Amino acid sequence: MFFDRIRRVNEIMVENEIDYIILSPSENLLYLTGLDILQDERLHLMIVSQKGDISFIIPEMTKEIVQKSSISGKLLVWDDGTYPVELLKQVIENKKNLRIAIDDKMWSVNSISIHGIYPKAGFIEASKVMTDVRLVKHKEEIEKLAKISDITDQVMEKIIEEIEVGKTERQLSNRIEILFKELGADDISFKPQVAVGANASIPHHLPSNKKVEKNEMIILDFGGQLDGYRSDIARTVSLGEPRDEMKKVYEIVKEAQEMACQEVRPGKMCFEIDKIARDIIKKKGYGEYFIHRTGHGIGVDFHEAPFIVENNRRQLEPGMVFSIEPGIYLPGRLGVRIEDIVAVTEKGFRRLNNFTRELIVK
Ligand code: CO
């Protein structure tokens, strides 16, 4: 599997005249090798040449992890106390028109030193190569995504049972993390978001000490990780009978989410899916309160291509997986968002999240 992925990378490098791709510990490295290495200030690089030669520049303390992996390559090992970026000269020969792709998530301290060694080279982002390789998921990858989505649905059910007046956003967020681990996930994908009342009008609000109160709506947005693959879900719950405005806004978001999902099929362009959700919300008069794109791809990373956003003319293909998550945010008052992950199939789409989208009143 890793061999096939690296071969695909090499094909794209040839097409785009890229001599080397240099990865740091990241989802790209995980995807190509299965290596899950902690990113810290130490230099860890994987270098792949256009011909497929693989080298690693790694600290002594990481040597064993790489040796035990299924990827074989040249190992250049360094000790704490040396200046390891110089080792690159043993792998990449300086030449005219040298083109190097660098991991988007490489720390700038490292990418700047690489620039220093090859001042005349052309540098591009590794995503120019890796996006196309990671974009369409194989059957086994979709099953992994479905499995973690299934656990995520169970976490949603349990955390909603536990919501009660007086609990804080932080307490609920911490509970979500524990539930993921209890239900068999390897980890969470990002800090679980719990936003009560007015806090929910900030789409990426981080959990605070605000307490759950009666007659408020709560956005819950979280994801897990299993076997390297991620999940993402959002639901909005009402504590006590919702006010008319809350009910109205909820129904609009639900309809936008449903209609956008129904539009997913091979051949549609990403912006068309975004437009369906956006037009429904606009028509009901809340256009200016839908302040983010409709969705993002998901796989080994929590946000990746394809992005379901205005102007993205990429066509959907079977095997692409992304979120559909419209929302309405009324500043200082409330927020509603409903999010599911969907996979594009031969004829349409498959929802990987199946937790109810009806308004739950606690
Ligand atoms: Co999301």
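Coordinates for the structure precede this section.
Residues numbered from 1 in each chain as written. Predicted model: local features only at pLDDT ≥ 70, side-chain atom pairs only at ≥ 80, totals over all residues. Heavy atoms only, no water.

Student: Tell me about the coordination of the cobalt ion, and please be specific about residues and values.
Tutor: On the protein side, the cobalt ion has Asp232 (OD), His296 (NE2), Glu325 (OE) and Glu339 (OE) as donor atoms, found 2.1 to 2.3 Å from it. Taken together, the four donor atoms coordinating the cobalt ion span angles of 78 to 156 degrees at the metal, a pattern that classifies the geometry as irregular. We note that the donor set of the cobalt ion lies within a single chain, spaced as D-x63-H-x28-E-x13-E. With His296 in strand S13 (residues 295–297) and Glu339 in the loop between strand S17 (334–337) and strand S18 (340–344), the pair connects residues that are 43 residues apart, well separated along the chain. Residues His296 and Glu339 agree in their burial class; the two are buried. (Donors = N, O, S within 2.8 Å, 3.2 Å for Na, K, Ca; no water. Tetrahedral: all angles 85-135°; square planar, octahedral: opposite > 155°, others 65-115°. Helix = DSSP H or I, 4+ residues; strand = E, 2+ residues; numbered from the N terminus. Buried < 20%, exposed > 50% of the residue type's maximum accessible area, 1.4 Å probe, protein only.)

Student: Residues and numbers for the packing of helix H8 (residues 244–262) against helix H9 (residues 270–283), please.
Tutor: Running from N to C, H8 and H9 point in directions that differ by 155 degrees, and their axes come no closer than 8 Å. Between H8 and H9, the angle is such that the two are roughly antiparallel. The handedness of the crossing between H8 and H9 comes out as right-handed. Contacts between H8 and H9 involve Ile252, Glu255, Ala256, Met259 and Ala260 on the former and, on the latter, Ile273, Ile276, Ala277, Ile280 and Ile281. (Axes fitted to C-alpha atoms, helices over the stretch in contact; angles between N-to-C directions. Parallel < 35°, antiparallel > 145°, perpendicular 65-115°, else oblique. Left-handed = near helix turned anticlockwise from the far one by under 90°. Contact = heavy atoms within 4.5 Å.)

Student: Can you explain helix H5 (residues 127–135)? Please cite residues and give values.
Tutor: Of all the residues in H5, the buried ones are Val129, Met130, Val133, Arg134 and Leu135. Buried residues in H5 make contact with helix H1 (2–15), strand S1 (20–23), helix H2 (27–33), strand S6 (122–125) and strand S14 (304–308).

Student: Please set out the nonpolar core residue by residue, giving values where relevant.
Tutor: In terms of nonpolar packing, the biggest core is built from 36 residues, with Val9, Ile21, Met46, Phe56 and Val321 touching the most fellow members. Listed by contribution, the elements that provide at least two residues to this core are H1, S1, H2, strand S2 (45–49), strand S3 (54–59), H5, helix H6 (139–162) and S18. Of all hydrophobic cores here, the second largest spans 31 residues; its members include Leu135, Val249, Phe322 and Val344. (Core = buried A, V, L, I, M, F, W, Y, C linked by side-chain atoms within 4.5 Å.)

Student: Give a description of the sheet that holds strand S9 (residues 216–222) that names residues and reports values.
Tutor: The strand order across the open sheet built from four strands is S8-S9-S12-S20, with neighbouring strands paired in mixed fashion. On the outer flanks of this sheet lie strand S8 (193–196) and strand S20 (360–361), each paired with one strand and no other. The pairing of S8 with S9 spans four bridges and is classified as antiparallel. The residue of S9 that forms the bridge with Val196 is Ile218. Seen against the sheet, helix H7 (residues 169–182) touches S8 and S9 and runs at an angle of roughly 150 degrees to S8. (Pairing = 2+ DSSP bridges.)

Student: Account for the packing of aromatic side chains, with residues named and values stated.
Tutor: Tallying each qualifying case throughout the model produces three aromatic pairs. Taken together, a centroid distance of 5.7 Å and an interplanar angle of 80 degrees make the contact between Phe180 and Phe222 edge-to-face. Here the residue Phe180 occupies a position in helix H7, and Phe222 occupies one in strand S9, the gap between them amounting to 42 residues. Like Phe222, Phe180 is buried. When the centroid spacing of 5.6 Å and the interplanar angle of 35 degrees are considered together, the rings of Phe190 and Phe302 count as tilted. Here Phe190 is found in the loop between strand S7 (187–188) and S8, whereas its partner Phe302 is found in the loop between S13 and S14, with 112 residues between them in sequence. Given a relative accessible area of 13%, Phe190 falls into the buried group. In this structure Phe302 comes out as partly exposed when scored by relative accessible area, which is 28%. The residue whose ring lies beneath Arg5 is Tyr31, and the NZ or CZ to ring-centre distance is 3.9 Å. (Phe/Tyr/Trp six-rings, centres within 6.5 Å; stacked < 30°, edge-to-face > 60°. Lys NZ or Arg CZ within 6 Å of the ring centre and 35° of its normal.)

Student: If you had to explain the pairing of S1 to someone new, which residues and values would you point to?
Tutor: Residues Tyr20 and Ile22 point to one face of S1 and Ile21 and Leu23 to the other, with burial holding for every one of them. With three bridges joining them, S1 and strand S5 (residues 99–102) adopt parallel strand pairing. Each residue of the ladder has a partner; that of Tyr20, found in S5, is Ile100.

Student: Mind laying out the environment of Glu325, listing which residues take part and the relevant values?
Tutor: Within the secondary structure, Glu325 is located in the loop between strand S15 (321–324) and strand S16 (327–330). You can call Glu325 buried: its relative accessible area is 10%. Taking the C-alpha atoms as reference points, Glu325 and Cys261, 64 residues apart in sequence, are found 9.8 Å from one another. Glu325 has contacts with Asp221, Asp232, His292, Thr294, Gly295, His296, Arg337, Ile338 and Glu339, leaving out every residue within four places of it along the chain. Here the side chain of Glu325 touches His296 through a polar contact of 2.9 Å, side chain to side chain. (Polar contact = N/O pair within 3.5 Å; in protein donor to acceptor, adjacent residues only side chain to side chain.)

Student: Lay out the pairing of S16 with the relevant residues and their values.
Tutor: Of the two faces of S16, the one holding Gly327 and Tyr329 and the one holding Ile328 and Leu330 are both buried throughout. In the sheet, S16 pairs with S17 via four bridges, with the strands oriented antiparallel. Bridging across to S17, Ile328 finds its partner in Val336. Once S16 ends, the chain turns through three residues before running back antiparallel as S17, passing Gly332 with a positive phi of about 75 degrees.

Student: Break down unusual backbone geometry for me, citing the residues and quoting the values.
Tutor: Pro306 follows Ala305 through a cis peptide bond whose omega is 0 degrees. Here Pro306 is to be found in strand S14. Notably, Glu17 is not glycine yet its phi reads approximately 50 degrees, a positive angle. Locating Glu17 in the fold gives a position in the loop between H1 and S1.

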